[in-house]
Amino acid sequence: MEVKKFEDLNLYLKGFEIESIGNQAVRKAQEENRKKGIPLVYSVDGKIYYELADGTITTNSPFKTEKEELPNTTL
């Protein structure tokens, strides 16, 4: 795969600026979720990891499934 190089350095600077804004937004969202006790979810090499409020990292989902959320009913 060929990497296209731009002659205009301002394009690179704009790209770094956009990346910085995105990184700041992600860090802010992570901080807010930690304060609320909401687990953070990461994907590394196709494997999903959850960071719990206490800092524990696990591969077991802490979220309830639809089946767990439904009340037990008899038909």
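Just so you know, these numbers come straight off a predicted model, no measurement behind them.

Chemist: Break down the overall build of the chain for me, citing the residues and quoting the values.
Modeler: Assigned secondary structure in the chain consists of two helices and three strands. From first element to last, N terminus to C terminus, the chain shows the α and β order α-β-β-β-α. In the chain, which comprises 75 residues, the proportion classed as buried is 8%. For the chain, the share of sequence-separated contacts (at least 6 apart) that also reach a separation of at least 24 residues comes to 2%. Here the chain displays about 7,300 Å² of accessible surface, and carbon together with sulfur accounts for 55% of that area.

Chemist: For the sheet that holds strand E3 (residues 57-58), give the residues involved together with the corresponding values.
Modeler: Strand order across the open sheet formed by three strands is E1-E2-E3, with antiparallel pairing between neighbours. The open sheet has two free edges, formed respectively by strand E1 (40-44) and E3, since each of these has just one partner strand. Judged from the two bridges that link them, strand E2 (residues 47-51) and E3 form a sheet pairing that is antiparallel. By the bridge assignment for E3, Glu 51 is matched with Ile 57. Lying over the sheet, helix H1 (residues 9-36) contacts E1 and E2, oriented at roughly 130° with respect to E1.

Chemist: Give me the lowdown on the pairing of E2, citing residues and values where you can.
Modeler: Examined bridge by bridge, E1 and E2 share five bridges and lie antiparallel to one another. Bridge pairing links Leu 40 to Glu 51 in E2. Two successive antiparallel strands, E1 and E2, enclose a turn made up of two residues, where Asp 45 displays a positive phi of approximately 50°.

Chemist: Outline the packing of aromatic side chains, supporting the account with residue identities and numerical values.
Modeler: Following the criterion strictly, the structure yields two aromatic pairs and no others. Relative to Phe 63, the ring of Tyr 50 has its centre 6.1 Å away and its plane inclined at 65°; by these criteria the two rings are edge-to-face. Taken together, the residues span a long stretch of sequence, with Tyr 50 in strand E2 and Phe 63 in the loop between E3 and helix H2 (66-69) at a distance of 13 residues. Residue classification places Phe 63 among the partly exposed residues on the basis of a relative accessible area of 39%.

Chemist: Please give an account of H1 that cites residues and values.
Modeler: An ideal rise of 1.5 Å per residue puts 40 Å on 28 residues; H1 measures up with 41 Å between its terminal C-alpha atoms. Where H1 begins, one side-chain oxygen reaches toward the backbone nitrogen of Asn 10, 3.0 Å away; that side chain belongs to Asp 8. After H1 finishes, the residue Gly 37 shows a positive phi value of roughly 80°.

About the criteria used
Residues numbered from 1 in each chain as written. Predicted model: local features only at pLDDT ≥ 70, side-chain atom pairs only at ≥ 80, totals over all residues. Heavy atoms only, no water. Helix = DSSP H or I, 4+ residues; strand = E, 2+ residues; numbered from the N terminus. Buried < 20%, exposed > 50% of the residue type's maximum accessible area, 1.4 Å probe, protein only. Contact = heavy atoms within 4.5 Å. Areas by Shrake-Rupley, 256 points an atom, 1.4 Å probe, with all protein chains shown as cover. Pairing = 2+ DSSP bridges. Axes fitted to C-alpha atoms, helices over the stretch in contact; angles between N-to-C directions. Phe/Tyr/Trp six-rings, centres within 6.5 Å; stacked < 30°, edge-to-face > 60°. Expected span 1.5 Å × (residues − 1). Polar contact = N/O pair within 3.5 Å; in protein donor to acceptor, adjacent residues only side chain to side chain.

Scope: geometric values only; no functional claims are made or implied.
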